[in-house]
Amino acid sequence: MSEQSTDLRETVRQRYAAAAVQVTEGGTACCGPEPVEVDENFGSTLYAADERDALPAEAVAASLGCGNPLAVAELRTGERVLDLGSGGGIDVLLSARRVGPTGKAYGLDMTDEMLELALANAEKAGATNVEFLKGTIEAIPLPANTIDVVISNCVINLSTDKPAVFAETFRALKPGGRIGVTDVVADDNLTPDQRAERGDYVGCIAGALTFAEYRVGLEAAGFADVEITATHSVADGMHSAIVRATKPLTTEASSKTAESAGACCGVNACCTPAESSADSALTVTEAQAATGCTCQN
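Notes on the structure in this doc start here.

Conventions used here
- Residues numbered from 1 in each chain as written.
- Predicted model: local features only at pLDDT ≥ 70, side-chain atom pairs only at ≥ 80, totals over all residues.
- Heavy atoms only, no water.
- Helix = DSSP H or I, 4+ residues; strand = E, 2+ residues; numbered from the N terminus.
- Buried < 20%, exposed > 50% of the residue type's maximum accessible area, 1.4 Å probe, protein only.
- Contact = heavy atoms within 4.5 Å.
- Areas by Shrake-Rupley, 256 points an atom, 1.4 Å probe, with all protein chains shown as cover.
- Phe/Tyr/Trp six-rings, centres within 6.5 Å; stacked < 30°, edge-to-face > 60°.
- Axes fitted to C-alpha atoms, helices over the stretch in contact; angles between N-to-C directions.
- Parallel < 35°, antiparallel > 145°, perpendicular 65-115°, else oblique.
- Left-handed = near helix turned anticlockwise from the far one by under 90°.
- Nonpolar A, V, L, I, M, F, W, Y, C, P; charged D, E, K, R; others polar.

Considerations on the overall build of the protein
Along the backbone of the protein there are eleven helices and ten strands. The burial tally for the protein puts 53% of its 297 residues in the buried class. The long-range fraction of contacts in the protein, counting pairs at least 24 apart against all pairs at least 6 apart in sequence, stands at 69%. Accessible area for the protein stands at about 13200 Å²; split by element, carbon and sulfur atoms hold 52% of it.

Here it is in structure tokens:
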């Protein structure tokens with residue numbers, strides 16, 4: 001990872017750590033936690049009142065997303081769900097209610113303070129079918145082909161390595177699995193400099209992909225049936241959008257696109273820290289040995 005990327009990730013971590021601390025400290029006040037300050041395009045107001053009312057106040061207050069991925073994920077009883085960048089846990093807890101006791105909802109976050117807040121919220125909610133994991137969305141700490149649905153709420157735009165996010169999401173999903181995320185997406189005519197003029201990276205603007213870039217990135221990772229639909233404006237030429245896509249049922253249908261997303265020698269994200277076996281029954285070493293090749297860099 002470049003020095004600039006490392007600095008950006010740390011800036012993002014610090015911002016969300018501070019938000020978690022703000023909510024936690026507010027929760028000890030007489031009147032309960034105040035929502036983290038955001039404008040009308042971000043935060044808990046994008047959820048229905050009955051959804052907010054069913055959760056701990058701290059989970060609602062920590063919501064910093066640009067939409068409601070649960071409204072588009074179409075979760076079913078018994079499914080396994082993964083939330084990328086789960087923050088205070090609002091989407092994980094809502095997912096857990098929808099998939100029921102036979103399902104499971106995972107939350108992945110890199111920020112200790114947010115993970116601590118999310119665990120406390122899960123305990124308050126009495127949720128027993130949830131698990132929060134520490135890690136980055138560029139290297140998901142779950143086995144391949146184990147997740148039915150991946151959701152995310154205005155987090156992928158914060159990554160400095162979006163191809164890795166798409167490749168890892170594809171790896172974690174079962175064949176036939178799907179994504180239903182909300183994210184900030186830019187008009188296709190906006191250059192990176194123009195996006196940066198409209199807002200900073202940590203504010204979910206400068207790092208946003210265009211509609212075309214998002215589609216190409218998902219398809220390069222192997223996804224099919226990609227749909228990207230703008231819902232509301234968050235800045236000039238910048239939109240909150242619903243993103244849907246599916247992992248093909250057959251490995252043959254996805255093998256060619258997986259190669260372009262960094263798969264080689266039977267390994268996804270080949271020769272990177274996030275590499276994993278394309279066959280869940282094999283280790284990385286076994287997969288490379290089976291194809292007779294190893295990393296050359």
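What to know about the packing of aromatic side chains
Under the criterion given, the structure shown has two aromatic pairs. When the ring of Phe166 is compared with that of Tyr214, the centres are 5.4 Å apart and the planes differ by 45°; the resulting orientation is tilted. Taken together, the positions of Phe166 in helix H7 (residues 162-172) and Tyr214 in helix H9 (residues 211-221) put the pair 48 residues apart, joining distant regions of the chain. The two residues Phe166 and Tyr214 agree in class, both being buried. Ring geometry for Phe170 and Phe223: centres 5.2 Å apart, planes at 90°, overall edge-to-face.

Points about the packing of H7 against H9
Two elements in contact, H7 and H9, have axes separated by 8 Å at closest approach and are oriented at 45°. For the element pair H7 / H9, the angle class is oblique. For the pair H7 and H9, the sense of crossing is right-handed. On H9, the residues that touch Phe166, Ala167 and Phe170 of H7 are Tyr214, Gly217, Leu218 and Ala221. In the contact of H7 with H9, the residues fall into six nonpolar, one polar and no charged.

Digging into the environment of Ala127
Tracing the backbone through its elements, the reader meets Ala127 in the loop between helix H6 (112-125) and strand S3 (130-134). Take Ala127: its relative accessible area is 23%, and that puts it in the partly exposed class. Sequence separation between Ala127 and Gly100 is 27 residues, and the spatial gap between their C-alpha atoms is 9.9 Å. The contact partners of Ala127, leaving out residues within four places of it in the chain, are Leu93 and Ala122.

Section: helix H5 (residues 90-99)
With respect to burial, H5 is a largely interior element, eight of its ten residues being buried. Along H5, the residues classified as buried are Ile90, Asp91, Val92, Leu93, Leu94, Ser95, Ala96 and Val99. Gly100 lies just past H5 and shows a positive phi near 75°.

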